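Letter by letter, the chains look like this.
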Amino acid sequence: MTTAVCPGSFDPVTNGHVDIFTRAARHFDEVVVLVTGNPTKSSGLFSVEERVALIERVLAGAPNIRVDFWGGLLVDYTSKHNITALVKGLRSSLDYEYELPMAQMNRRLSGVDTYFLLTDEKYGFTSSSLCKEVAKYGGDVTGLVPDIVVEAMKAKFR
């Protein structure tokens, strides 16, 4: 069975992320959406636990995708779970330049391969940071993040 990990902070998860998860799930037997961060620290909009719960709700019904979290080195997670593939979404060449050295380091440390999926062009401008900024000032992020997340963001910013 081939398992791939889609790691990230996902604070919040966007429709672009969900697109990458579901596309990756067509190529691997199982995809683990791995929420990274320190579960005892609340430095983002949503805690790690809230992010996991939101993603689980968004992906409910996806048969070969599950959600987990990890607070340490990614290669330690992949080694512990015998995972040899990572999947990352790329929006632009800037993402590639950021992700390439990490992919090379992960390969050197553990032998894990990184697969890059190009983001669907309709999500190319979308980022968690930008969505948080828009929502913080009362802007509408409908269509950029799942509806469940839109409501959770509204509740956070009330």
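- Looking at an unreviewed UniProt entry, one finds the chain named Phosphopantetheine adenylyltransferase and attributed to Corynebacterium liangguodongii.
- Regarding the chain, the relevant UniProt record gives this comment under Function (unreviewed entry): "Reversibly transfers an adenylyl group from ATP to 4'-phosphopantetheine, yielding dephospho-CoA (dPCoA) and pyrophosphate."
- The UniProt entry for the chain carries the following text under Subcellular location (unreviewed entry): "Cytoplasm".

### Notes on the packing of helix H2 (residues 48–58) against helix H6 (residues 147–157)
1) Next: It is at 10 Å that the axes of H2 and H6 come closest, and there the two elements cross at 150 degrees. Taken together, the axes of H2 and H6 lie roughly antiparallel to each other. Residues Glu-50, Leu-54, Arg-57 and Val-58 of H2 form the contact with H6, whose own contacting residues are Ile-148, Val-149, Ala-152 and Lys-156.

### Topic: the nonpolar core
1) Next: By size, the foremost hydrophobic cluster in this structure holds 34 residues, and its most contacted members are Phe-21, Val-33, Ile-55, Leu-59, Val-87, Val-141 and Met-153.
2) Next: Within the residue set of this core, elements represented by two or more residues are strand E1 (3–8), helix H1 (15–25), strand E2 (30–36), H2, strand E3 (65–70), strand E4 (85–90), helix H5 (128–136) and H6.
3) Next: Contacts of Leu-59, omitting those with residues within four sequence positions, involve Val-18, Phe-21, Val-33, Ile-65 and Val-67.
4) Next: Residues Val-5, Trp-70, Tyr-77 and Leu-86 belong to the second largest nonpolar core, which totals nine residues.

### Quick word on the packing of aromatic side chains
For any pair of aromatic rings, the description consists of the separation of the ring centres together with the inter-plane angle of the planes.
1) Next: One pass over the full model with this rule turns up four aromatic pairs.
2) Next: Considering the side-chain rings of Phe-28 and Tyr-115, the 5.7 Å spacing of their centres and the 70 degrees angle between planes classify their relative orientation as edge-to-face. With a gap of 87 residues between them, Phe-28 in the loop between H1 and E2 and Tyr-115 in strand E5 (residues 113–118) connect regions that are remote in the sequence.
3) Next: According to the relative accessible area criterion, Tyr-115 is partly exposed, its value standing at 41%.

### Comments concerning the sheet that holds E3
1) Next: If you trace the five strands from one edge of the open sheet to the other, you get E3-E2-E1-E4-E5, paired in parallel fashion. The strands lining the two open edges of the sheet, one partner per strand, are E3 and E5. On average, each strand axis in the sheet is inclined to that of its neighbour by 30 degrees, with strand direction left out of account.
2) Next: Set on the sheet, helix H4 (residues 93–110) makes contact with E4 and E5; between it and E4 the angle comes to about 170 degrees.

### Regarding the pairing of E5
1) Next: For E4 and E5, the ladder comprises six bridges, and the chain directions are parallel. Across the sheet, the residue bridging to Lys-88 is Phe-116, located in E5.

Each value, and the rule that gives it
Residues numbered from 1 in each chain as written. Predicted model: local features only at pLDDT ≥ 70, side-chain atom pairs only at ≥ 80, totals over all residues. Heavy atoms only, no water. UniProt positions renumbered as here; feature names shortened; annotations may be inferred. Axes fitted to C-alpha atoms, helices over the stretch in contact; angles between N-to-C directions. Helix = DSSP H or I, 4+ residues; strand = E, 2+ residues; numbered from the N terminus. Parallel < 35°, antiparallel > 145°, perpendicular 65-115°, else oblique. Contact = heavy atoms within 4.5 Å. Core = buried A, V, L, I, M, F, W, Y, C linked by side-chain atoms within 4.5 Å. Buried < 20%, exposed > 50% of the residue type's maximum accessible area, 1.4 Å probe, protein only. Phe/Tyr/Trp six-rings, centres within 6.5 Å; stacked < 30°, edge-to-face > 60°. Pairing = 2+ DSSP bridges.

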